[in-house]
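Below are the chains, spelled out letter by letter.
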Amino acid sequence: MSALETVAATGGPADGGAPPLLSVRDLVKTFPGRRTRGGRAGAPVRAVDGVGFDIAAGETLGLVGESGCGKSTTGRMVVRLLEPTSGSVTFDGRDISHLSARALRPVRRHVQMVFQDPFSSLNPRQTVARIISDPMLAQGSGAADARKRAAELMDLVGLIPEHLDRYPHEFSGGQAQRIGIARSLATRPRLIIADEPVSALDVSIQAQIVNLMETLQRELGLAYLFIAHDLSVVKRVCDRVAVMYLGRIVEIGHKAQVYGAPAHPYTRALLSAVPLPDPAAERARERIVLLGDPPSPAHPPAGCTFHPRCHKAREICRTEAPLLQITGPGQRQAACHFPEPAPAG
Ligand SMILES: Nc1ncnc2c1ncn2[C@@H]1O[C@H](COP(=O)(O)OP(=O)(O)OP(=O)(O)O)[C@@H](O)[C@H]1O
Ligand code: SF4
Ligand SMILES: [Mg+2]
C-alpha cells in the first residue's frame, strides 16, 4: 500500500478529531516456516500482512475473525511481546515498534495485556499479592505500596482483598480472570489489549467480566483492543470493529455500520452465523455459508485472498488484491472489488 492508502486505512477514530492514543500502520509479522521432515525450510508464514488502525483514548476497538487470522499476533505486537517485521506502532505520539526493552519500560506501564486463559497466564507458584504487585515493582514501586495497591485492585475488580495471600488454583475461572485484570490495571494503563478475555469462561461468568471491563473503562478512561471470535460479545463492548482475514483487515468501521450493513462478503458471512434473538427474524434472514477452512498464511491465494470461499468472486478477484477503501457513508472501509452497497437513506 502507498503511504496515502495506509493513512486512510484505519476506519477513522471514534471521536473523529483528537489525535489517536494508538496508531498502527502497515504492521507485518512474518514467522519462519516450519522445517519439513526432509529438513528443508517451509514457506514463511505471513501471519499479519499490512494491518492499520487507530484507537482513541477511552475507545474500544473490537478485532474479530476466524482462528489463525492473526488477531493475537497483532495484539502481541502492539504490546511488543513480539517485534514487528515491519510497520509501526505509535502510542501517544511515540513510535514504539522497535524500542529496546529498556526504552520500552516506561511505555509498558501504559499498555497492558489480558490473556484468554487466566490460569496459564498466572504463575501457579506465586501468591495473588505477588502476581498483582510484580508490574508495580518492575516500575520501581516499594513492596509495601505495591501490596496496598494490590489490595485496592482486588476490591476494584470485585475480589476480597483478604485473599491476597492465596494462590491462583484457589480461585474459580472467573475470579482468576479478575486477578488477570487487576494485574493489568496495576500500573494505571491507558490501553489494554484483551485477547479473548472471556472465551475460556462459562457464559454467565462472561457477562460479569464484560460488565467489569465496561465499568473499569468508564471509571478509569481505559481504551481497549478487544480481540474475540464471538461477534456478539464484540458487538456489545466495542465502539468500532475491525474484521481480519488471513492477516489483513478486510472491513473496519463504527459498530452500527459494520454490524448493521456489512460491506464485505466475509463480514456478512460471519454475521449471518450469529443467532438472532427474535425467532421470526432468525427464520427470515439470509444465511451465507462459509465454505471450507481459511487457507494457510504460508500459501495465501493470489488476488483477493478470500476468493476461494467467496460466493461473489469474479475473474478480477483471482488476480487483483482489493485495497481497503471507504465504502458508503462515514469512514467505514472494506477491501472488496464488489462491496455491498450502503442502504439508501
Ligand atoms: N510463533 C509462531 N511461529 C509460527 N507461526 C505462528 C506463530 N504464532 C502464530 N503463528 C501463525 O500465525 C497465524 C496467526 O496466528 P494468531 O495466533 O495470531 O491467530 P489468531 O487470529 O489469534 O487465532 P485464534 O483465534 O486461534 O487465537 C497462524 O497461522 C499461526 O499458526
Ligand atoms: S474482492 Fe471478490 S472475492 Fe474478494 S471479497 Fe470481494 S467479491 Fe469476494
Ligand atoms: Mg488468538
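Just so it is clear, the structure is predicted and the values come from calculations on it, not from any experiment.

Side note on the site of ligand 2
Not every one of the 13 residues close to ligand 2 is listed here, only the nearest: Cys304, Cys310, Cys317, Cys336 and His337. Most atoms of ligand 2, that is more than half of them, are within 2 Å of grid points of the largest cavity.

Topic: the domain arrangement of the protein chain
For the protein chain, the domain assignment lists domain 1 (3–32 + 42–110 + 191–334) and domain 2 (118–188). Taken together, the contacts link 17 residues of domain 1 with 14 residues of domain 2. Where domain 1 abuts domain 2, roughly 1,200 Å² becomes buried across the two surfaces, and 66% of that area is made up of carbon and sulfur atoms. When the area that domain 1 buries against domain 2 is broken down by residue, the three leading residues are Arg109, Leu212 and Leu216, summing to 38%. On the surface where domain 1 and domain 2 come into contact, there are four residue pairs in polar contact (both at pLDDT 80 or more). Breaking the side of domain 1 that touches domain 2 down by element, the ones donating at least two residues are α3 (101–108) and α8 (203–220). Per-element accounting of the side of domain 1 that touches domain 2 gives the leading share, eight residues, to α8.

Section: the environment of Phe115
Tracing the chain through its elements places Phe115 in the loop between β6 (111–114) and α4 (118–121). Contact partners of Phe115, with chain neighbours within four places excluded, come to Arg76, Leu81, Ser121, Gln177, Arg183, Asp195, Glu196 and Pro197.

Topic: α8
Here α8 is 18 residues long and its end C-alpha atoms lie 26 Å apart, about the 26 Å a rise of 1.5 Å per residue gives. Against β3 (60–64), α6 (143–156), α7 (173–185), β7 (191–195), β8 (223–227) and α9 (231–237) lie the buried residues of α8. Positive backbone phi, approximately 65°, marks Gly221, located one or two places after α8.

Considerations on the sheet that holds strand β12 (residues 333–334)
Spatial ordering of the open sheet is given by β6-β7-β8-β3-β9-β10-β12-β11, a layout of eight strands whose pairing is mixed. With partners counted over all chains shown, the strands left at the sheet margins are β6 and β11 (325–326), one partner each. The pairing of strand β10 (residues 248–254) with β12 spans two bridges and is antiparallel. Of the residues in β12, the one forming a bridge with Ile252 is Gln333.

Criteria and cut-off values
- Residues numbered from 1 in each chain as written.
- Chains lettered and ligands numbered in written order.
- Predicted model: local features only at pLDDT ≥ 70, side-chain atom pairs only at ≥ 80, totals over all residues.
- Heavy atoms only, no water.
- Near = heavy atom within 4 Å.
- 1 Å grid on protein atoms, 1.4 Å probe; cavity = no way out; pocket = protein on both sides within 12 Å on 5 of 7 lines; lining within 4 Å.
- Sits in = over half its atoms within 2 Å of the grid points.
- Domains from an automatic or database assignment.
- Contact = heavy atoms within 4.5 Å.
- Buried area = accessible area lost by both parts, 1.4 Å probe.
- Polar contact = N/O pair within 3.5 Å; in protein donor to acceptor, adjacent residues only side chain to side chain.
- Helix = DSSP H or I, 4+ residues; strand = E, 2+ residues; numbered from the N terminus.
- Expected span 1.5 Å × (residues − 1).
- Pairing = 2+ DSSP bridges.

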